[in-house]
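A look at the structure
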Amino acid sequence: MAGLDHSRMGLRKPMEKINKIYGPPGTGKTFRLIRRVKAYERIGVPLHKIGYFAFTRKAAEEARKRINVSEKEVPYFQTIHAFCYHLLGLSEEDIMQPYHYEDLGKKLNIRVSFSDKYNEEETHFLTCNNPYFQMIQRSINKDITIRQEFDLNEHDKKQVNDFDTLNHIYKNLQVYKEKNNLFDFNDIVKAVLNSDKIPVFKAIFIDEAQDLSPLQWQLYDKLKYHCEQMYLAGDDDQAIYAWAGADVTRFVKEPAREIVLRRSRRISKAVQEESTRPINNIVGIRKLKKYYPRDHEGESHYISDINQVDLTQGKWLILTRTKSNLLDIMKDLKRKNFYYQSNKGKSFKVGMYEAAVAYTKWTLGELLDDKETSAVKEFIPTANWDVKVPWYDKFVADQKEILYLRNLIASKENLKEKARIWLSTIHAIKGGEEDNVILSLHQGRTVQQGIKSSVDKQDEEHRVWYVGITRARNNLYKLRAKKKLREYQL
């Protein structure tokens, strides 16, 4: 911002108008922000003069719902990328989609696929599995060159072993975007930084500010000259996206009037006590803060096998550090005929279940509509239906899947409702919570090798486990790793 005379622009200096809210788990950080928004509304501030930027689209929509107004009334309740996207007047056709990266990957003879539909959340973290694209996006997030990112030596040398290949892919990505007139999420932030399109706000709220990348902090530096009050909210202890370029140090060091929320409405005493262990291991910069649990004792235990807890009752969240560990637990639960869910959906074939329900209905003499008939035909291709034969003896499908679904139906679980058991990696569940949490302590060889590269990586790892622990409302069960050598020590 050097060289700009903000007084001539009619914009105020930012130094005394920054407010920073530290919100440990369950302390009502979002509630505090929304209450402040409502205070502005009560004194007559138009809601279109308030910017509320959340980390995901879902979080932005939740904030709008708490205000209880239409989306049109709060045009700036959105993610940072959506804000930039709309300021530039772009359409979805202008943005790099997962299939574009996959298309470019085919042209370059490299494999690219996505673990989720990242545009649905509009975060600035690329979720493709290709390490070259990940490094390129990480360098842009950090506002450094790809050469600098490569020289940090924080990547897996088995996946990216030479700079020339990385540079070749980077150059082809730029050509691909230019040729097809496409922007990625970082491009649109840069475009706004170089524009004069940012409106003037009465107040701006930025939630989960500990996850802002250096590029987004540049946008913040510009935004704070376009408002009377700025509110940053977050928790450095929950900063687990440094691997993707998030800059937690900037969040902690940013000069501001600070407030620490100290009363958790989520966490039991046992869970709160457990949560202090990983963050006490952090040796780098950290905001020292203490918060208090709710008035509930709760429990925290080590277990060596999932069979040691009763998964037939209550609600459960099972968390892992790695995807491979998550898949192993999924297979185990399926062998034991448990109904569960993950970000990929329900544990059974939903189409098969709907067909089984429809076929059973037909065997009882009830008429089926066209949709139900079509569902059954997916598993009985011929017209050979028989009211005397149950669905599991008629369906043409994988016999293991049929047996699993048959056992689920017999268990009397309501398969139309969300499962009582949810599985996720720690990174994918951030923000979630449940009464009972099973936290797999399996860390994995790759993770353990990666954190050896720097103290910052080790600190981030402690924060990851802190986030995992604090997803539990009442009870925490720490699942031992099969090999103690691969276990995070709690």
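Higher on the page you've got the structure.
This section reports on the structure supplied with the text. (Residues numbered from 1 in each chain as written. Predicted model: local features only at pLDDT ≥ 70, side-chain atom pairs only at ≥ 80, totals over all residues. Heavy atoms only, no water.)

Attention now moves to the overall build of the chain. A count of helical and extended segments in the chain gives 20 helices and 13 strands. In terms of overall size, the chain behaves like a compact globule, its C-alpha atoms giving a radius of gyration of 25 Å where 490 residues would be expected to give roughly 23 Å. Taking the principal axes of its C-alpha atoms as reference, the chain extends roughly 85 × 55 × 55 Å. Counting only residues that meet the buried cut, the chain has 52% of its 490 residues in that class. Residue pairs in contact within the chain that sit at least 24 positions apart in sequence constitute 78% of those at least 6 positions apart. Only carbon and sulfur atoms are counted for the fraction: they give 48% of the accessible area of the chain, which is about 24700 Å². Taken as two groups, the 83 positive and 67 negative side-chain charges of the chain have centres that lie 3 Å from each other. (Helix = DSSP H or I, 4+ residues; strand = E, 2+ residues; numbered from the N terminus. Rg over C-alpha atoms; globule rule 2.2 N^0.38 Å. Buried < 20%, exposed > 50% of the residue type's maximum accessible area, 1.4 Å probe, protein only. Contact = heavy atoms within 4.5 Å. Areas by Shrake-Rupley, 256 points an atom, 1.4 Å probe, with all protein chains shown as cover. Lys, Arg positive; Asp, Glu negative; His and termini not counted. Charge placed at Lys NZ, Arg CZ, Asp CG, Glu CD.)

Our next topic: the sheet that holds strand S12 (residues 434–440). Strands belonging to one sheet form pairs held by backbone hydrogen bonds; the direction of such a pair is parallel or antiparallel. Reading across the sheet, the seven strands line up as S7-S13-S12-S8-S11-S9-S10 and stay open at both edges, with mixed pairing between neighbours. Only two strands of the sheet have a single neighbouring strand rather than two, namely strand S7 (299–303) and strand S10 (345–346). Relative to strand S11 (residues 421–425), strand S8 (residues 316–320) runs parallel, the two sharing five bridges. From the neighbouring strand, Trp-316 faces S11, where its bridge partner is Ile-421. Sheet contacts for helix H13 (residues 323–335): S8, strand S9 (340–342), S11, S12 and strand S13 (472–479); angle to S11, the most-contacted strand, approximately 160 degrees. (Pairing = 2+ DSSP bridges. Axes fitted to C-alpha atoms, helices over the stretch in contact; angles between N-to-C directions.)

Take the packing of helix H12 (residues 269–279) against helix H20 (residues 455–469) next. Packing of H12 against H20 leaves a shortest axis separation of 8 Å and a crossing angle of 170 degrees. Here H12 is positioned roughly antiparallel relative to H20, judged by the angle of their axes. Here Val-271, Glu-274, Ser-275, Pro-278 and Ile-279 of H12 come into contact with H20, specifically with His-462, Trp-465, Tyr-466 and Ile-469. Split by residue class, the contact of H12 with H20 holds six nonpolar, two polar and one charged. (Parallel < 35°, antiparallel > 145°, perpendicular 65-115°, else oblique. Nonpolar A, V, L, I, M, F, W, Y, C, P; charged D, E, K, R; others polar.)

Bringing the environment of Asn-343 into the picture now. In this structure, Asn-343 sits in the loop between S9 and S10. Residue class for Asn-343 comes out exposed when judged on its relative accessible area of 56%. Sequence-wise, Asn-343 and Asn-280 are 63 residues apart; in three dimensions their C-alpha atoms are separated by 31 Å. With sequence-adjacent residues up to four places away left out, Asn-343 is seen in contact with Trp-422, Leu-423, Ser-424 and Ala-428.

So, about the pattern of salt bridges. Scanning all chains against the criterion turns up 38 salt bridges. In this structure, Arg-138 engages Glu-149 in a salt bridge whose closest nitrogen and oxygen atoms are separated by 3.0 Å. Of this pair, Arg-138 sits in helix H6 (residues 131–142) while Glu-149 sits in helix H7 (residues 146–151), and the two are eleven residues apart along the sequence. Across the pair, Glu-149 and Arg-138 agree in class, each one buried. The network of salt bridges with common partners includes Arg-138, Lys-142, Glu-149, Glu-154 and Lys-457. (Salt bridge = Lys/Arg side-chain N within 4 Å of Asp/Glu carboxyl O.)

What follows deals with the sheet that holds strand S4 (residues 201–206). Read from one edge of the open sheet, six strands run S3-S2-S4-S5-S1-S6, paired in parallel fashion. Where the open sheet ends on each side, the last strands, each with one partner, are strand S3 (77–79) and strand S6 (257–260). When the angles between neighbouring strand axes are averaged without regard to direction, this sheet yields 20 degrees. Relative to S4, strand S2 (residues 50–54) is paired through four bridges, and the arrangement is parallel. Paired with Gly-51 across the bridge in S4 is Ile-204. Its contacts with the sheet place helix H1 (residues 29–42) against strand S1 (18–22), S2, S3, S4, strand S5 (227–234) and S6, and it is angled at close to 165 degrees to S5. Set on the sheet, helix H10 (residues 214–223) makes contact with S1, S2, S4 and S5; between it and S5 the angle comes to about 150 degrees.

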